[in-house]
Amino acid sequence: MTGTGADETRLDQPIDACWRRIGVSGDRSCPKLAEHLHCRNCPVHEAAARRLLDRPLPAEYREEWARHYANPETGGSGTGDAEDALQTVVVFRLGDEWLALPTAIFEEIAEPRPIRSLPHRRNKAILGIVNVRGELIVCASLAALIGIDEQGATERSARANGFRRLVVIGHDQGRMAFIVDEVHGILRHRRSELRPVPATIGKTPSAFSIAALPWKDQTVGCLDEARLLAAFDRSLA
Amino acid sequence: MLFLMFSLGTDRYVLDAGEVEAILPLMATKALPGAPRGVVGAINYRGRPVPLIDLNVLTLGRPAAAVLSTRIILVRYPAADGDIHLLGLIAERATETIERAASDFVASGVEAGIPAYLGPVASDARGLIQRVRTERLLPADIRDILFRRAETD
C-alpha cells in the first residue's frame, strides 16, 4: 500500500504556523481570536495538528507494531479470555490517595462549581446540590463517604487547586457527584494486574476498596462502585 | 452516543464506538492468498489471528494511504452462529470521536441500491456524516469464508 497522489501533494505543503504570526504566540491580530480566545481552540490549529498524523509511516513501523501486538505480554488484552479481560478505570486523586472507579459508571467530569447546601441536613457526607447543565445532582464528599482523612489532603490540594474536578457518576437508578483533587485519566489494565488490598492501607476501609492496582511507582485503590453508590443512597435517606 | 469517525475518500463515516474493541496502528500483515477482495491479510493480536479488511479497497477500489493517521479499527463482529469475532478494518483518518445522539442520524433519502452497510446520515458544519453498520459490512459468503478460516487454525 502506498500513498495516493492526492495525499502526497497535501503533505508537501508547508504548515502555515499562523498562531506564531497573528495568534497567541504572535501579535494577536488574528480576527478569529475574538471568537476562540486561544489558538488551541481554533479549527485552523486543530487541522494543522491533524496533518501531523498524515505523515508517511517511518521505516520498520509496521514490523515493530506487529511484533508488539503479537506478544500477549505487551499487546494489551482482548476479550478472548474472560479470566484476564481488559478493564478500564478512571484514576483520580483524593487528598493523598489515588483511587479508581470503573470507566463505565462515569457520566461527566466537569469544572468545579458552587455547591448549594441543603437545609436540615446533618450528614457530613452530603454537601449539597450542584447544577450540571441544568440538572440538579446531589454532591457528596467522597472522603466522608468512604472514610478517608482529608486533613493532609487540604494542604496539598491548596497547591494544586487548578486540578480540582467535579465528577458525576451513576447508573439508571441514580447519580451522584463528588469533588476530586485531580483526575489523571483512564487507565487500561488486565484483571491479572490487580493485587489484593494490603492490610497496611488502613486509611481506606476495605469495605470500599476491592483491589490495589500498581501504577507507575504508586498504588491505586480500586473502589467498588456498587458499594459506593449504595453508601451514597443510605446517606441520602 | 460516542462514535468513531474515519474517512473514505473525502467523505466522513462513523462507527458506533461500542462495537470497537481497540484502535491499532498499521502493522505488518500476513497475506491470505486467495482471500476475497478487500481482505488484505491477517494480523496477530495477542496470539489470535484477526482478519484484516481494507475499507478503501472494499468501497473505493484503492488501498488506504500508508500514513500515521490510517489505523486499524478492531471491531467485534457478530458471526452467523452467534459468536463474536474480532475483525480489523483499515480506515483512513481514524483519529477522531464525536458525541451525537442516535436520533441525529436520519435516512439519507437514497436507500435503494446503496450497499447494505451504509446507514443513516447526520449533518454538522462540515457536511454529512454517514453511519456504517458493521454487521452488514461483509457479504454473507465472504463472512463465512473468513471466520471458517479463522476457526480452523
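What you see is a predicted model, and the numbers here were worked out from it, not measured in a lab.

Novice: It is not clear to me how the overall build of chain A should be interpreted in this structure. Could you clarify?
Specialist: A tally of helices and strands in chain A yields eight helices and 10 strands. Long-range pairs, those at least 24 residues apart, make up 55% of the contacts in chain A between residues at least 6 apart in sequence.

Novice: Honestly, the overall build of chain B in this entry has me stumped. Any pointers?
Specialist: From N to C terminus, chain B includes two helices and nine strands. Secondary structure elements in chain B, listed N-terminal to C-terminal, are β-β-β-β-β-α-β-β-β-β-α. Out of the 153 residues in chain B, the part that is buried amounts to 35%. Summarising the internal contacts of chain B: among those between residues at least 6 apart in sequence, 51% fall at separations of at least 24.

Novice: Quick question: what am I supposed to make of the sheet that holds strand 5 (residues 135-140) of chain A here?
Specialist: Each strand in a sheet pairs with another by means of backbone hydrogen bonds, the pair being arranged parallel or else antiparallel. Residue and element names in this part refer to chain A. The five strands lie next to each other as 3-6-7-5-4, forming an open sheet whose pairing is mixed. Only two strands of the sheet have a single neighbouring strand rather than two, namely strand 3 (106-110) and strand 4 (126-132). Sheet twist, expressed as the average angle between the axes of neighbouring strands with direction ignored, equals 30 degrees. Examined bridge by bridge, strand 3 and strand 6 (residues 165-171) share four bridges and lie antiparallel to one another.

Novice: What am I meant to see in the confidence of the model for chain B here?
Specialist: Parts of the model with low pLDDT should not have their predicted coordinates read in detail. All names here are of chain B. For chain B, per-residue confidence averages 83 on the pLDDT scale, and 91% of positions sit at 70 or higher. Across chain B, the element-wise mean pLDDT spans from 66 in helix 2 (residues 140-151) up to 91 in strand 1 (residues 2-8). Our summary of model confidence lists the complex with pTM equal to 0.63 and ipTM equal to 0.77.

Novice: Teacher, can you tell me more about the pairing of strand 9 (residues 209-215) of chain A here?
Specialist: Look at any regular strand and the pattern is simple: side chains alternate between the two faces of the sheet. All names here are of chain A. Alignment of strand 9 against strand 10 (residues 218-223), held across six bridges, turns out to be antiparallel. Bridge pairing in strand 10 places Pro214 opposite Thr219. Hairpin connection from strand 9 to strand 10: two residues lie between these consecutive antiparallel strands, with Lys216 at a positive phi of about 50 degrees.

Novice: Is there a simple way to explain the nonpolar core in this structure?
Specialist: Where a protein is soluble and globular, its nonpolar side chains tend to be buried together. Counting residues in each nonpolar core, the largest one holds 40 residues, and the members touching the most others are B:Ile53, B:Ile73, B:Leu89 and B:Ile90. Tallying contributions element by element places strand 7 (residues 84-99) of chain B first for this core, with six residues. Leaving out residues up to four positions away in the same chain, B:Ile73 has contacts with B:Leu4, B:Phe6, B:Leu15, B:Val20, B:Ile23, B:Leu89, B:Ala91 and B:Ala94. Grouped together as the second largest cluster of nonpolar side chains are 35 residues, A:Ala100, A:Ala140, A:Leu145 and A:Ile148 included.

Novice: Is there a simple way to think about the sheet that holds strand 8 (residues 182-190) of chain A in this case?
Specialist: All names here are of chain A. Reading across from one edge, 8-1-2-10-9 is the order of the five strands in this open sheet, with mixed pairing throughout. The two strands at the open ends of the sheet, each matched to only one other strand, are strand 8 and strand 9. With strand direction ignored, the average angle separating the axes of adjacent strands in the sheet is 35 degrees. Pairing of strand 1 (residues 86-94) with strand 2 (residues 97-102) involves six bridges; the strand directions are antiparallel. By the bridge assignment, Val90 is partnered in strand 2 with Leu101.

Novice: Help me understand the confidence of the model for chain A, please; the structure alone is not making it clear to me.
Specialist: Confidence in the prediction of chain A, expressed as mean pLDDT, is 79, and 80% of residues score 70 or more. Counted against residues more than four places away or in other chains, residues 1-9 of chain A, with its pLDDT under 50, gives 14 contacts.

Reading the values: rules and limits
Residues numbered from 1 in each chain as written. Chains lettered and ligands numbered in written order. Predicted model: local features only at pLDDT ≥ 70, side-chain atom pairs only at ≥ 80, totals over all residues. Helix = DSSP H or I, 4+ residues; strand = E, 2+ residues; numbered from the N terminus. Contact = placed C-beta atoms within 7 Å. Buried ≥ 20, exposed ≤ 12 C-beta atoms within 10 Å, placed from the backbone. Pairing = 2+ DSSP bridges. Axes fitted to C-alpha atoms, helices over the stretch in contact; angles between N-to-C directions. pLDDT = per-residue confidence, 0-100. Core = buried A, V, L, I, M, F, W, Y, C linked by C-beta atoms within 7 Å.

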